[in-house]
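Reading the structure
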Amino acid sequence: MLVIVIMGAVILPALDLTAHKQAAQINSWKVWKVNSLKPDITEQELENSGEWIQADALNPYPPGSTDPNKTNSLWIRLSLPADPSNTAVILRQLYGERVKIIYDNKVLYSGNHLSGRDTNNLLLPVKPEDGAGLQTLYIGVASNGDRLGLNENVLIGGFDSLLVIFVKKDLSDFILGSSFVFIAVIMLLCALFLTEGNFKSWLSLAIVILCIGVIIITYSPFLYNFYSRYEAFYYNLFDAALFIFVPVFIFYVEQIFDKEKYVILIRVCRIFQTIFSVICFGLLLLDHLTASSIGDLYDQVTGTLLGYVMIAQLLILVIYAVINALKGNREGLIFTIGFAIFAVTGITELILYYASGEDYRLVLWKWGTLCFVISLIIILGRRFARNHEQVVEYSRKLEMFNNELQRSEKMEIISVLAASVAHEVRNPLQVTRGFIQLLLEKEQQTQERVYLDLALEELDRASGIITDFLTFAKPEGSKIKKLNVSEEFRHIEGILKPMVHLVGGKIEVSIPESIHVMGSSSKFKQACVNMIKNSIESFRSVEGEIKVWAYELQDQVFIHIRDNGEGMTEEELGRLGEPYFSNKTKGTGLGLMVTFRIIEAMQGSIHFTSEKGKGTEAVLRFPSGKN
């Protein structure tokens, strides 16, 4: 697209400017209004007519042409300068549905636009055979429309230099339009591989770009100059592309802002324009397939009325886009910038077109269209990028949910196992412990007492494991009440301070009195004690430190427990809460598993961050118990 802009906006005009320096201009001529163009009129008859009136590009019509009996036929007489290097002339904006040009007593050009087109751009050789100096060019034009005559200065010079001007004057339009068509075709092919979610936006944008390309190509004089035999087809193709472009473009805008307020207004515009376009297509077919003459009605509906409708709808869309841009919608801002350039150039040129009596030639709109198409492509690209980001995010969440599901299934299996086995194992352990205590009372030998004490210690450890299993299986068994977090942690701090001091560490607790959660006091203490004990056991040779603080935010209570212990790797963090996973020599992992279950029973969550060698931070999150 950048190459196209450079070629169209810089290179080709520069070539035209170079060629213009080698050409002269004829800025005045004479006109003679007649009732009709005689097919057999001679150059001598035209020369002897005494009714020639001075005219120029600003005043192309003879006096009285604005009267009710306005002429529909003119003869234009051009006096060519006596310069042997002048071998060709360029006639631009020569208006007339029927054209006849006489030069050197010969009919140099004769044309009849059956499609109703009245714009002519011609490159004509003007070197006489006898080598005479001053020559005269007679141009006869006739039209059933409102425009007639020569509305631009005539260029005269060498044929080669004028050929460059003539060809490249409109070549940029053809290149630009062809590029749009090429891009649209590629997009239509790519649409076959898109999902349903992106298909509508992509397809509508492809059709919009295709229609813009066709409009630019068929509006350019390039095709009419070099392939004029198909001008009726070009004329109808231009209209058809315009009829399709407007409703599809509004539909694309509707897709962009489908979740915004007032989108119903755009939908109403789209429905209205669709109906209007169908009517225009019907008139087009009726004009070609029937013998009835509805040309004037067709021109009024598809020309004047369609132009006013487009101005109104463009204004509505501009206002809507500006509102969304002011709301901070980035896509709305991009759309507004591109559309503003397009709309301002389009509306300005439409106003100039109708204000000048349809004499103004639209030029700037195609560059505004280019800017706008680029903005539409950027918006669609942002949507695709956002969709990709959403897919990645959904994949990540799906993986996380899958891990959580697997963990929940494991916990459920362990819960059922714990509930069914723990009671059966605890009873024989208690009986065994009783008999060992009896033996211990009777045993006097020191070595046997050591063995019995060790057996009691291991039985107590086994009983503790079974208690953890029972707690894991039924963490919600205790009474639920409102807990003051600060008060609960005062008790926890009192329990764990001796243990912290014993290993040469310290603990700091900073919790406001106003923070409350709902849960069981004993289970809450058990979960927090397990967490802080893990922090104490992670202390290294350096002085250990544990910081505990809490706060309330948006009806959620956050409790942070941070230590400067040895920390964990990413792999170890991912396995926290698994049964029988522990970094401690005699650890079973059941304590942290029980902690997770208690927190879940209190409708809370826990999140760990850790770095090997620097410590670990756990964040507990609970619903606020204020209300």
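Residues numbered from 1 in each chain as written. Predicted model: local features only at pLDDT ≥ 70, side-chain atom pairs only at ≥ 80, totals over all residues. Heavy atoms only, no water.

**Details of the pattern of salt bridges**
Counted according to the given criterion, the structure contains 7 salt bridges. The salt bridge involving Glu 513 is made with Arg 490; its shortest N-O contact spans 2.8 Å. One end of the pair, Glu 513, is in the loop between strand E13 (506-510) and strand E14 (516-519); the other, Arg 490, is in helix H12 (residues 485-502), with 23 residues separating them in the sequence. For Glu 513, a relative accessible area of 46% gives the class partly exposed. Overall, the relative accessible area of 44% leaves Arg 490 in the partly exposed class. (Salt bridge = Lys/Arg side-chain N within 4 Å of Asp/Glu carboxyl O. Helix = DSSP H or I, 4+ residues; strand = E, 2+ residues; numbered from the N terminus. Buried < 20%, exposed > 50% of the residue type's maximum accessible area, 1.4 Å probe, protein only.)

**Topic: the sheet that holds strand E6 (residues 98-103)**
Read across the sheet, 6 strands follow the order E3-E2-E4-E9-E6-E7 without closing on themselves; strand pairing throughout is antiparallel. At either end of the open sheet lies a strand with only one pairing partner, and these are strand E3 (53-55) and strand E7 (106-112). This sheet shows a mean twist of 25 degrees between the axes of neighbouring strands, independent of strand direction. Pairing of E6 with E7, which is carried by 6 bridges, proceeds in the antiparallel orientation. (Pairing = 2+ DSSP bridges. Axes fitted to C-alpha atoms, helices over the stretch in contact; angles between N-to-C directions.)

**Considerations on helix H3 (residues 159-190)**
At 3.6 residues per turn, the α-helix brings residues three or four places apart onto the same side. For H3, which comprises 32 residues, the first-to-last C-alpha distance of 46 Å matches the rise-based estimate of 46 Å (1.5 Å per residue) to within 8%. Along H3, the sharpest kink reaches roughly 35 degrees, centred on Leu 171. (Expected span 1.5 Å × (residues − 1). Bend = angle between axes of the 7 residues up to and from the residue.)

**Regarding the confidence of the model for the protein chain**
Overall, the prediction assigns the protein chain a mean pLDDT of 77, with 78% of residues at 70 or greater. Averaged over each element, pLDDT in the protein chain is lowest for helix H1 (residues 2-21) (50) and highest for strand E16 (residues 556-563) (92). Predicted confidence for residues 65-69 stays below pLDDT 50, and this span has 1 contact to residues more than four positions away or in other chains. (pLDDT = per-residue confidence, 0-100. Contact = heavy atoms within 4.5 Å.)

**What about the nonpolar core?**
Residues Phe 180, Phe 245, Phe 249, Phe 335 and Phe 339 are the most contacted members of the largest nonpolar core, which totals 52 residues. Of all elements in the fold, only H3, helix H4 (196-219), helix H6 (231-256), helix H7 (263-289), helix H8 (295-326), helix H9 (330-355) and helix H10 (365-442) reach the threshold of two or more residues within this core. Among the elements that line this core, the one with the most residues is H6, at 12 residues. Core analysis: the second largest hydrophobic core is formed by 37 residues, Ile 511, Ala 527, Ile 536 and Leu 620 among them. (Core = buried A, V, L, I, M, F, W, Y, C linked by side-chain atoms within 4.5 Å.)

**Points about helix H13 (residues 521-537)**
Given a rise of 1.5 Å per residue, 17 residues ought to cover 24 Å, and the 24 Å separating the end C-alpha atoms of H13 matches this to within 8%. Of all 17 residues in H13, 12 are buried; the element is thus mostly enclosed. Buried within H13 we find Ser 521, Lys 523, Phe 524, Lys 525, Ala 527, Cys 528, Val 529, Asn 530, Met 531, Ile 532, Ser 535 and Ile 536.

**Description of the packing of aromatic side chains**
The geometry of an aromatic ring pair comes down to the distance between the two centres and the angle between the two planes. Here the structure, examined in full by the defined rule, presents 10 aromatic pairs. Where Phe 243 meets Phe 281, the ring centres are 5.3 Å apart and the plane angle is 80 degrees; that geometry is what we call edge-to-face. Taken together, the residues Phe 243 in helix H6 and Phe 281 in helix H7 connect sequence positions 38 residues apart. On the accessibility criterion, Phe 243 (2% relative accessible area) is buried. An angle of 65 degrees between the planes, with centres 6.0 Å apart, marks the rings of Phe 524 and Phe 622 as edge-to-face. Separated by 98 residues along the polypeptide, Phe 524 in helix H13 and Phe 622 in strand E18 (residues 615-623) bring together distant segments of the chain. One aromatic cluster is present, formed by Trp 32, Trp 52 and Tyr 138 through successive ring pairs. (Phe/Tyr/Trp six-rings, centres within 6.5 Å; stacked < 30°, edge-to-face > 60°.)

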